Amino acid sequence: MPSSIVLGVGGGIAAYKACELLRRFTEDGHQVRVVPTGSALRFVGEATWAALSGQPVTTSVWDGVHEVPHVRLGQRADLVFVAPATADLLARAAAGRADDLLTATLLTARCPVVFAPAMHTEMWEHPATQANVATLRARGCLVLDPAAGRLTGADSGPGRLPEPAELYETALRVLARGPAALHPDLAGRHVLISAGGTREELDPVRFLGNWSSGRQGYALARTAAARGARVTLVSANVELADPAGVRVVRVISARDLEAAVTSAAADADAVVMAAAVADFRPETRTDSKIKKAGLAPEPLRLVENPDILRGLSARRPRPGQVIVGFAAETGDLLRNGHAKLAAKGCDLLVVNQVGAGLAFGTTDNEAVVLASDGTEAKVPRGPKEVLADVVWDLVAARLPG
Ligand code: CTP
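Residues numbered from 1 in each chain as written. Predicted model: local features only at pLDDT ≥ 70, side-chain atom pairs only at ≥ 80, totals over all residues. Heavy atoms only, no water.

S.K.: Teacher, can you tell me more about the packing of aromatic side chains here?
M.R.: Two descriptors summarise a pair of aromatic rings, namely the distance from one centre to the other and the angle between the planes of the rings. By the definition in use, this model includes 2 aromatic pairs. For the ring pair Phe25 and Phe81, a centre distance of 6.4 Å and an interplane angle of 70° mean the geometry is edge-to-face. Within this pair, whereas Phe25 is found in helix H1 (residues 15-27), its partner Phe81 is found in strand E3 (residues 79-85), the two being separated by 56 residues in sequence. Neither Phe25 nor Phe81 differs from the other in exposure class; each is buried. On the basis of relative accessibility, which here comes to 0%, the residue Phe25 falls in the buried class. These aromatic residues form a ring-pair network of at least three members: Phe25, Phe81 and Tyr168. (Phe/Tyr/Trp six-rings, centres within 6.5 Å; stacked < 30°, edge-to-face > 60°. Helix = DSSP H or I, 4+ residues; strand = E, 2+ residues; numbered from the N terminus. Buried < 20%, exposed > 50% of the residue type's maximum accessible area, 1.4 Å probe, protein only.)

S.K.: Just to check I follow, could you spell out the layout of surface pockets for this structure?
M.R.: Unoccupied space between atoms shows up once a probe the size of one water molecule is rolled over them. Its volume calculated, the largest pocket comes out at about 920 Å³. Surrounding the largest pocket, 38 residues form its lining, Ala275, Ala276, Val277, Phe326 and Ala328 being those nearest its centre. Split by residue class, the lining of the largest pocket holds 18 nonpolar, 12 polar and 8 charged. (1 Å grid on protein atoms, 1.4 Å probe; cavity = no way out; pocket = protein on both sides within 12 Å on 5 of 7 lines; lining within 4 Å. Points joined across faces, edges and corners; volume = space filled by probe spheres on them. Nonpolar A, V, L, I, M, F, W, Y, C, P; charged D, E, K, R; others polar.)

S.K.: Can you help me understand the sheet that holds strand E8 (residues 190-196) in this one?
M.R.: One key point about sheets: their strands pair by backbone hydrogen bonds, in either a parallel or an antiparallel sense. Strand order in the open sheet made by the 8 strands is E12-E11-E8-E13-E16-E17-E18-E19, with mixed pairing throughout. Every interior strand has two partners, whereas the edge strands, strand E12 (247-251) and strand E19 (376-383), have only one. Ignoring strand direction, the axes of neighbouring strands in this sheet form an average angle of 15°. Contacting E8, strand E11 (230-236), E12 and strand E13 (270-273), helix H11 (residues 254-265) runs over the sheet at an angle of about 170° to E8. Its contacts with the sheet place helix H14 (residues 384-398) against E8, E13, strand E16 (322-329), strand E17 (348-353), strand E18 (364-371) and E19, and it is angled at close to 155° to E19. (Pairing = 2+ DSSP bridges. Axes fitted to C-alpha atoms, helices over the stretch in contact; angles between N-to-C directions. Contact = heavy atoms within 4.5 Å.)

Printed below as a string of structure tokens:
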């Protein structure tokens, strides 16, 4: 359903990335009013925002006074999304200032408000900025963590605006879930997620692998971080940008993944195994490239990999830990799912249909979540973030107090 979105833009170089976010919103049919600060217009001009949004653009409360824009925009919005939020803008929002149209809109908005900060690392880490972020979070705003990486110039560190695709997924999630999306119900929890697909090497240039893109696991990581959790993401061969505020451990094979998961699971409140793990690996991996010439084709000899999910469920490294598996199935979903839930011994199993353009590499997913207590939750086709929220709802309900 089309929504009414206010896109607030602060005066930082990352303002150019907000153009891409705006395009995604409008292509989806949402009505977007862009409200830049005066300094944002030094980076990206009014004409760009007006052309991309198809709406008038103003920074001041003194334009079009008869329409009382400083009150109307905030009151009518379904979502206010501020990207980039500079240190100065966060300070003004935290202080409750209303000295331009954007800050006035922030005071009148009763819908969910999301800030995506971007600034130099020193400014982000300064106690003044951190206090402002804490104030805004305590008031119920969602303040995302900035991504780490290359900043303007040669510096690097936390302070980058997350990629527009990631911001867009966050916005969709907040629009779908409403104010509940801003509730940090996983604060104080450590969650461990595996994502992607393992690769089992045959020689230095070849491997056995699978089509998993890692999107569902990354959506789980982003969503858990937005709900306040400390997140460890064990990522197997994924080409997506690191989710902001998440510790990412990169692995290649099933045995690497087992080592990384085992080490992080020791103090995790919940473990979600979204990765597609190869059940078998080649018996040998040659150090030099296998040559075609002179060799008769030989059958590939495979040996079994450890079943990480089953091992964790049997051991339960931490009392009260909630363990979740994923099952990608091509046949009878429910029958296979129930059998797999019992065989793996986990608390929840997310079962989804794969093949024929379903699940792998797409941004949407459809699933049924089976629980060891016999309950079933059906999740209709929708963004992977929405399925992620359902998984965290079911996990949160099972975590000890
Ligand atoms: N899994 C695991 N270790 C493995 C294989 C799978 O931990 N060696 C986990 C996956 O991360 C997923 C769940 O088990 O959470 C189910 O994966 P799936 O491949 O569907 O299960 P398999 O046991 O391999 O069953 P199948 O015979 O259907 O391949």
